[in-house]
2 protein chains.
Amino acid sequence: MIKILVDAMGGDNAPAAIVQGAALAIERDSDLHIVFTGRQQEIQAELDKLKFDKSRVEIVDCADVIGMNDNPVEAVRRSDSSMMKAFAMLRKNEDICAFVTAGSTGAAIAGGQILLGRIRGVKRAALCPAIPNSRGGVTLLCDCGANTECKPVMLCQFALLASAYAKVGFGMQNPKVGLLNNGTEEHKGDLLRQETYKYLSQMEGINFVGNIEGRDIMVGDCDVAVADGYTGNIALKSIEGCGKLVLGVMKKEFSATLRSKIGYLFLKKAIKNMRGQLDFEKVGGALLLGLKKVVVKSHGSSKPQTIAAAIANAAHIYRGGLVPAVEKSLESVNLNSIVTESGE
Amino acid sequence: MIKILVDAMGGDNAPAAIVQGAALAIERDSDLHIVFTGRQQEIQAELDKLKFDKSRVEIVDCADVIGMNDNPVEAVRRSDSSMMKAFAMLRKNEDICAFVTAGSTGAAIAGGQILLGRIRGVKRAALCPAIPNSRGGVTLLCDCGANTECKPVMLCQFALLASAYAKVGFGMQNPKVGLLNNGTEEHKGDLLRQETYKYLSQMEGINFVGNIEGRDIMVGDCDVAVADGYTGNIALKSIEGCGKLVLGVMKKEFSATLRSKIGYLFLKKAIKNMRGQLDFEKVGGALLLGLKKVVVKSHGSSKPQTIAAAIANAAHIYRGGLVPAVEKSLESVNLNSIVTESGE
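Residues numbered from 1 in each chain as written. Chains lettered and ligands numbered in written order. Predicted model: local features only at pLDDT ≥ 70, side-chain atom pairs only at ≥ 80, totals over all residues. Heavy atoms only, no water.

### What about the overall build of chain A?
Phase 1: Regarding its fold elements, chain A presents 13 helices and twelve strands.
Phase 2: Over its C-alpha trace chain A gives a radius of gyration of 21 Å, about what one expects of a compact globule, namely 20 Å for 344 residues.
Phase 3: A principal-axis box enclosing the C-alpha atoms of chain A has dimensions of 60 × 60 × 35 Å.
Phase 4: Taking as baseline every contact in chain A between residues at least 6 positions apart, the subset at least 24 positions apart corresponds to 72%.
Phase 5: Accessible surface, chain A: about 13800 Å² in total, of which carbon and sulfur atoms supply 48%.
Phase 6: Taking the average location of the 41 positive side-chain charges in chain A and that of its 37 negative ones, the two points are 5 Å from each other. (Helix = DSSP H or I, 4+ residues; strand = E, 2+ residues; numbered from the N terminus. Rg over C-alpha atoms; globule rule 2.2 N^0.38 Å. Contact = heavy atoms within 4.5 Å. Areas by Shrake-Rupley, 256 points an atom, 1.4 Å probe, with all protein chains shown as cover. Lys, Arg positive; Asp, Glu negative; His and termini not counted. Charge placed at Lys NZ, Arg CZ, Asp CG, Glu CD.)

As structure tokens, then:
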């Protein structure tokens, strides 16, 4: 049995979309058991609307809900909130494997590091979404917002964390790691980038392919893009904005005239395929890497299918042994020289 | 008469695409006169293939061509290159209004600053592309690669330069300026962003609307996005990659089956409209802002239509008085307090 905690109150469509998503996940995976945190009555009301094996669901009642704009550090103290209660339970209960939340990213990062804790040796947890790419796979962008200011050793660890995720989550044997930069030449970027380039080149167990540019995230030839959280966030959001604009313009133009509406009828399946290939939510959310257990952060606007995918991915990654894999790769790589040299 | 210098040898399709583009521009604007720099024989051979009023074209022969990957600083010394010859002529000849090149960005930035020179008071020249947005207009992203490491005063100047371009180039009365950041709250980002936020809030003549996220470049509500060159480059390239992937997947899916091919026939015009709205090359290239004359940097892969648009835009901006507008706004804004406080 795989027991997964789910924050029933996180996100814009909670608790309905969360409960529905969990029900879908349970139907698809006979080994799954879900523990919801949140307001019992509200969750129960949603459960009552659905038909599935409810013996595989529990509710841990908590009255408080952390808002999307609440201060993350203050949020950590709210121990009766659906998110922080979950982090505390994750730490205490050995039989709980993973946690899925669509709540505040900042609160999840703070709660994850403070209440659950990092894997021994990990400097900072990192947020790592899987972005669809032109090879039909995904590029893991790490970090994407957890750490605004970084030192070289942190970026090297992000390479290591995301490489482990690439192997465990996507079966990549020897994931190619690129350093997100403003050009591909070795000397490019600021001091942080130049130093990190040097260290990544020397790191064993990392398949470093050099600097990559923003366009390489989606149309390049690497599996992991390493960035500080500020830069990763800018890249991710820029991509989101572009995708939204392109699909918005397409929708408008394809319904503008009778002629285009007819064309759309013929292309319905092709457009569905297209959307499938460009789906940011295939795996349901971004991983919060470096923590002692698997934590998936879904988008606040997630619908049931996305939550179901996030739960399935959490189970998949737990089964693949992400945390032990990270522990092992941290042991085998000597980051001490970087730590000393860069004054961390 | 408006006399514009054109680097006939810059870019992947030179000199054919450049000469053809210039011919198109001349046909569209009866006031235009073009001076090509480059290898006379090659340019003449291209001219001989075309029919237009060649009395409005001159060639300044120079043997050298700067490659896309040549070291920018070393390139500046190559005074017989088509690009550096042009910058020297721009400085010397009062009757030359502007310069268009599809050559190396790095070399153009170096040559522009060293050979042509900056407007008095401008700390650094900045590269500023116009990115299509969801309002049917453009968002000016400044800087986008010229300055990897920045101080607050530079970012404040980028706001000022791009605001002038927004007014002169696009007729925006009171362009909204956003600071590209990893969140919209005031405290977001690193020290550079936090300090810049403070200064931009106080700057007269700048319509500062606060922090913006990457997605706001294309689907937000600002006209100018201010960034250091490193971040701006990541955002721009991430957007490019996303656009390329989406259009690539669309092309593949829309030609995958007989059914989708039929649909495509009906949607041909809609897709053309769509591409028009998402066209990055509407104005032919990015402006190199802060220099003593108008300089447009077109993409290396530019086709004749793009070069023609770049030349037309250069003429439009010269006529609008970009350089005097920048001089005037520099005079009216007191940046000294920022310069002192931030130790620049």
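Read on, since the account is not over.
### Some details on the relation of the copies chain B and chain A
Phase 1: Between chain B and chain A, the superposition needs a rotation of 180° and an axial shift of 0.0 Å, giving an RMSD of 0.0 Å. What the rotation and shift describe, once combined, is the action of a two-fold rotation axis. For chain B, the smallest separation between a C-alpha atom and the rotation axis is recorded for glycine 263 of chain B, amounting to 2.0 Å.
Phase 2: Comparing contact sets, 100% of the residues at the interface of chain B also lie at the interface in chain A, consistent with an isologous, same-surface contact. (Least-squares fit on C-alpha atoms with pLDDT ≥ 70 in both.)

### Regarding the sheet that holds strand 8 (residues 176-180) of chain A
Residues and elements named next belong to chain A.
Phase 1: Spatially, five strands are ordered 6-7-10-8-9 in an open sheet, and the strand pairing comes out mixed. The sheet is open, and its two edges are formed by strand 6 (130-132) and strand 9 (207-212), each paired on a single side. Averaged over all neighbouring strand pairs, the angle between strand axes comes to 30°, with direction disregarded.
Phase 2: Seen against the sheet, helix 6 (residues 152-170) touches strand 6, strand 7 (138-142), strand 8 and strand 10 (224-226) and runs at an angle of roughly 150° to strand 7. (Pairing = 2+ DSSP bridges. Axes fitted to C-alpha atoms, helices over the stretch in contact; angles between N-to-C directions.)

### Quick look at the pattern of salt bridges
All names here are of chain A.
Phase 1: The tally for this structure, following the rule as stated, stands at 32 salt bridges over all chains.
Phase 2: Residue arginine 319 is joined to aspartate 31 by a salt bridge in which the shortest nitrogen-to-oxygen separation is 3.8 Å. Of the two residues, arginine 319 sits in helix 11 (residues 304-320) while aspartate 31 sits in the loop between helix 1 (16-28) and strand 2 (32-38), which places them 288 residues apart along the sequence.
Phase 3: The class of aspartate 31 is partly exposed, set by a relative accessible area of 33%. (Salt bridge = Lys/Arg side-chain N within 4 Å of Asp/Glu carboxyl O. Buried < 20%, exposed > 50% of the residue type's maximum accessible area, 1.4 Å probe, protein only.)

### Brief notes about the sheet that holds strand 10 (residues 224-226) of chain B
All names here are of chain B.
Phase 1: Read across the sheet, five strands follow the order 6-7-10-8-9 without closing on themselves; strand pairing throughout is mixed. What marks the edges here is a single partner per strand, and that holds for strand 6 (130-132) and strand 9 (207-212). For this sheet, the mean inter-axis angle between neighbouring strands, taken without regard to orientation, is 30°.
Phase 2: Judged from the three bridges that link them, strand 6 and strand 7 (residues 138-142) form a sheet pairing that is antiparallel. Among the inter-strand pairings, isoleucine 131 is bridged to a residue of strand 7, identified as threonine 139.

### What about the confidence of the model for chain A?
Phase 1: Counting all residues, the mean pLDDT for chain A is 93, and 97% of those residues have values of 70 or more.
Phase 2: Quick note on the complex model: pTM equals 0.92, ipTM equals 0.91. (pLDDT = per-residue confidence, 0-100.)

### Describing the pairing of strand 8 (residues 176-180) of chain B
All names here are of chain B.
Phase 1: For strand 8, a buried count of four out of five residues is recorded, marking the element as mostly surrounded by other parts of the structure.
Phase 2: With five bridges joining them, strand 8 and strand 9 adopt parallel strand pairing. Following the sheet pairing, valine 177 is matched in strand 9 by phenylalanine 208.
Phase 3: With helix 7 (residues 191-202) bridging strand 8 and its parallel neighbour strand 9, the resulting β-α-β unit is right-handed.
Phase 4: As judged from the three bridges shared by strand 8 and strand 10, these two strands associate in the parallel manner. (Right-handed = clockwise from strand over helix to strand, strands pointing away.)

### A word on the packing of helix 4 (residues 82-92) of chain A against helix 5 (residues 105-116) of chain A
All names here are of chain A.
Phase 1: Relative orientation of the contacting elements helix 4 and helix 5 amounts to 30°, with a least axis distance of 9 Å. Pair helix 4 / helix 5 crosses with right-handed handedness. Along the contact surface, helix 4 presents Met83, Met84, Phe87, Ala88, Leu90 and Arg91, while helix 5 presents Ala107, Ala108, Gly111, Gly112, Ile114, Leu115 and Leu116.
Phase 2: Tallied by class, residues from the contact of helix 4 with helix 5 come to ten nonpolar, two polar and one charged. (Left-handed = near helix turned anticlockwise from the far one by under 90°. Nonpolar A, V, L, I, M, F, W, Y, C, P; charged D, E, K, R; others polar.)

### Some remarks on the interface of chain B and chain A
Phase 1: Tallying the contact residues gives 52 residues for chain B and 52 residues for chain A.
Phase 2: Taken over both partners, the interface formed by chain B and chain A buries close to 4700 Å², and the fraction arising from carbon and sulfur atoms is 68%.
Phase 3: Three residues, Tyr230, Leu245 and Phe266 of chain B, lead the burial of chain B against chain A; their summed loss comes to 14% of the area buried on that side.
Phase 4: Across the chain B-chain A interface, the total number found is four salt bridges. (Buried area = accessible area lost by both parts, 1.4 Å probe.)

### What about the state of the cysteines?
Phase 1: A full pass over the atoms with the stated rule returns zero disulfides over all chains.
Phase 2: Distance from the sulfur of cysteine 150 of chain A, which forms no disulfide, to the nearest cysteine sulfur (cysteine 142 of chain A) is 9.5 Å.
Phase 3: Residue cysteine 150 of chain A is classed as buried on the basis of its relative accessible area of 13%.
Phase 4: Not engaged in a disulfide, the cysteine cysteine 62 of chain B finds its nearest cysteine sulfur in cysteine 97 of chain B; these two sulfurs lie 19 Å apart.
Phase 5: Here cysteine 62 of chain B falls in the buried class, since its relative accessible area comes to 1%. (Disulfide = S-S within 2.5 Å.)

### Section: the pairing of strand 1 (residues 2-7) of chain A
Residues and elements named next belong to chain A.
Phase 1: With six of six residues buried, strand 1 lies mostly within the body of the structure.
Phase 2: Burial along strand 1 is two-sided: Ile2, Ile4 and Val6 facing one way and Lys3, Leu5 and Asp7 facing the other are all buried.
Phase 3: Inspection of the sheet shows strand 1 paired to strand 2 by six bridges, in the parallel sense. Bridge pairing in strand 2 links isoleucine 4 to isoleucine 34.
Phase 4: Crossover handedness for the path strand 1 to helix 1 to strand 2: right-handed.
Phase 5: Where strand 1 lies against strand 4 (residues 96-101), four bridges are found, and the strand directions are parallel. Paired with lysine 3 across the bridge in strand 4 is isoleucine 96.

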